[in-house]
Amino acid sequence: MTADKRLARFLVRGSALLILLLVFWWFLLLNPLLFLLRDSAEIFGSLILGDDSRQFVTETPSGDWSFRVPLEVAMPPIERAAMPLALEQVPLPGVVAPRLPQQSGPLQIHSIDFDIARSDVNAFTFSLPVFWAIVLAAPGIRRSLRPLIFGTILVAILEIVLLLIFVEISARNAAAQLAPQSGWTKWFLHFGEYLVVNVIPYAAPFPIALSVHRELRSQFFRWGEGTPIPGGRRPGLQSGAARNGRPRSKKQRRRDMGPARQS
Amino acid sequence: MLLTPPVQAVDRQFSRVLVKVSHGLIGICGGHARVEGAVLRDPATGFAVEMRDGCNAVNVTILLWSAVLAFPAPWRLKALGLLAGSLLIQAVNIVRFISLFYIGQYSMTWFDFAHGYLWESLLVLDTMVVFCLWANRASRYGAVPNDSR
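All of these numbers come straight from a predicted model, not from anything done at the bench.

The rules behind each value
Residues numbered from 1 in each chain as written. Chains lettered and ligands numbered in written order. Predicted model: local features only at pLDDT ≥ 70, side-chain atom pairs only at ≥ 80, totals over all residues. Helix = DSSP H or I, 4+ residues; strand = E, 2+ residues; numbered from the N terminus. Buried ≥ 20, exposed ≤ 12 C-beta atoms within 10 Å, placed from the backbone. Contact = placed C-beta atoms within 7 Å. Pairing = 2+ DSSP bridges. Axes fitted to C-alpha atoms, helices over the stretch in contact; angles between N-to-C directions. Core = buried A, V, L, I, M, F, W, Y, C linked by C-beta atoms within 7 Å. pLDDT = per-residue confidence, 0-100. Parallel < 35°, antiparallel > 145°, perpendicular 65-115°, else oblique. Left-handed = near helix turned anticlockwise from the far one by under 90°. Nonpolar A, V, L, I, M, F, W, Y, C, P; charged D, E, K, R; others polar.

**Student:** Help me out: how do you make sense of the overall build of chain A in this one?
**Tutor:** If you tally the helices and strands in chain A, you get 11 helices and 3 strands. When its helices and strands are written in sequence order, chain A yields α-β-β-α-α-β-α-α-α-α-α-α-α-α. The buried share of chain A, taken over its 263 residues, is 29%. Here the contacts in chain A between residues at least 6 apart in sequence split such that 71% fall between residues at least 24 apart.

**Student:** Help me out: how do you make sense of the overall build of chain B in this one?
**Tutor:** Scanning chain B from N- to C-terminus turns up 4 helices and 3 strands. By its C-alpha atoms, chain B is 60 × 30 × 25 Å across when sized along the principal axes. Here chain B, with 149 residues, has 36% of them falling under the buried criterion. Intrachain contacts of chain B at a sequence separation of at least 6 include 62% that bridge at least 24 residues.

**Student:** Even after reading the chapter, I still don't get the pairing of strand β2 (residues 65–75) of chain A, so can you show me in this structure?
**Tutor:** When a strand is regular, its side chains alternate between the sheet's two faces. All names here are of chain A. With 3 bridges joining them, strand β1 (residues 57–59) and β2 adopt antiparallel strand pairing. Looking at β2, one finds that Thr58 is bridged to Ser66. Taking the residues that link successive antiparallel strands as the turn, the β1-β2 hairpin has 5 residues, and the phi of Gly63 there is positive, at about 100 degrees.

**Student:** Got a minute to help me understand the sheet that holds strand β3 (residues 48–50) of chain B in this structure?
**Tutor:** Hydrogen bonds between backbone groups are what pair the strands of a sheet, and the pairing can be parallel or antiparallel. All names here are of chain B. Reading across from one edge, β1-β2-β3 is the order of the 3 strands in this open sheet, with antiparallel pairing throughout. Only two strands of the sheet have a single partner each, and these edge strands are β1 (34–36) and β3. The sheet shows a mean angle of 20 degrees between the axes of neighbouring strands, taken without regard to direction. Bridge count between β1 and strand β2 (residues 39–41): 3 bridges; the pairing is antiparallel. For Val35, the partnering residue across the bridge sits in β2 and is Leu40.

**Student:** Explanation requested: the nonpolar core in the structure shown.
**Tutor:** Most often, soluble globular proteins keep nonpolar side chains buried together rather than apart. With 90 residues, the main nonpolar core has A:Phe67, A:Phe131, A:Ile134, A:Val167, A:Ala209, B:Val124 and B:Phe131 as its most contacted residues. Once residues lying within four places of it in the same chain are set aside, the contact partners of A:Phe131 are A:Gly151, A:Thr152, A:Val155, A:Pro205, A:Ile208 and A:Ala209.

**Student:** Sorry if this is basic, but what is going on with the sheet that holds β2(A) here?
**Tutor:** All names here are of chain A. The 3 strands lie next to each other as β1-β2-β3, forming an open sheet whose pairing is antiparallel. The sheet terminates laterally at β1 and β3 (107–116), the two strands that pair on one side only. The sheet shows a mean angle of 35 degrees between the axes of neighbouring strands, direction not considered.

**Student:** Would you mind going over helix α5 (residues 127–137) of chain A with me for this structure?
**Tutor:** Structural remark: α-helix, 3.6 residues per turn; residues separated by three or four positions point the same way. Burial runs high along α5(A): 10 of the 11 residues are buried. Every buried residue of α5(A) is listed here: A:Ser127, A:Leu128, A:Pro129, A:Val130, A:Phe131, A:Trp132, A:Ala133, A:Ile134, A:Val135 and A:Ala137.

**Student:** Where do I start with the confidence of the model for chain A in this structure?
**Tutor:** The predicted coordinates should not be examined in detail at positions where pLDDT is low. Residue and element names in this part refer to chain A. With 70% of its residues at a pLDDT of 70 or more, chain A shows a mean pLDDT of 76. Per-element confidence in chain A ranges from a low mean pLDDT of 42 for helix α10 (residues 240–243) to a high of 93 for α5. The model gives residues 84–90 a pLDDT under 50, and that stretch makes 6 contacts with residues more than four places away or in other chains. Counting contacts from residues 256–263, a segment whose pLDDT is below 50, to residues more than four positions away or on other chains yields 7 contacts.

**Student:** What is the right way to read the confidence of the model for chain B from this model?
**Tutor:** In this model, chain B carries a mean pLDDT of 86, and residues with pLDDT of at least 70 account for 92%. Element-level mean pLDDT values for chain B span from 87 in helix α1 (residues 5–28) of chain B up to 93 in helix α3 (residues 75–106) of chain B.

**Student:** Can you help me understand the packing of α3(B) against helix α4 (residues 108–141) of chain B in this one?
**Tutor:** To describe two helices that pack against each other, one gives the angle between their axes and the distance between the axes. Residues and elements named next belong to chain B. The contact between α3 and α4 brings their axes to 10 Å, and the two run at 165 degrees. One element, α3, and the other, α4, form an angle in the roughly antiparallel class. In the packing of α3 onto α4, the handedness of the crossing is right-handed. The residue makeup of the contact of α3 with α4, split by class, is 17 nonpolar, 6 polar and 2 charged.

This is the structure:
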């Protein structure tokens, strides 16, 4: 089978599996995965970002996720005066509003509470079915079993890390409404949020699948095989002797033609 | 660069062009829709979809361009890969946009699913395969040095 046909078959299988597995994920797997993600975020978030006074993440009655992130913010008096206005603004899509203690005088904030809509957290479970679809689209399900398990663990770890980064960025964005930040910091947070929410969850399953699945990798990166080349052989297929200008022996020619032509 | 104001302006114009093309295709196939800038609206139901940043497949096109430009191939083949690959991705994206226009009129739950997750991952998969098909041809006809064999 030529490389083009292999890739075309992979595209068809991968697309079909993506549709099937994403529908399966959307209707059946989403809730269990969100439950696991919340518990994992609670454990790792408390260790890395949280404090002991309150749970790092809790679920509100509406199903949204409520976070408390320790963050030292010194609020200038002018910003303190403008706080009611700041609280009316929604800092991020999905982030409801920072909740601040009501008191007068100078204010040092030690932590920020905010809610993230449940629909926004879905993206942090979505990489798993995409990864499964890519690995299962490779020929030979038995050979895909080990990469499937190993890659699933990698993707799951990545999703927890991405969620924690998103939570930290959201907390800093909320804090930015109370204490002004430099233009560069704002841009950096915006860029980081874009990567964490819109790029990495969608793109990461592909390089992870290629890195853990040797056969899939070799299928993808076996450039230029399977079709006779007009105008002679490619330099990459020539043996060392041929490259040096000397004629190749029969054995060398057999070796060059043999395994490289199999697909 | 996508997030800088000058590129954003070009990006928005490009989205409007894609919406016009989608509108033309719907008209050719006998459907009814109205264009309002980057918004495609159904005159009967009032349902509308807007092509915003990220909906015009520019991000995956950039991904393809990066891969093609980084691949060791002659410039003629690279130019061909950039052009043909971008056209293919945009063709898939127009199918995506039109399908979302109709899915949204049927069910918003399915629209959210197809818009946020399904089509996004299909586009990335298509981009990856388009790049591999191009790289395969480029190395077959472009005499790419391949010492790793």
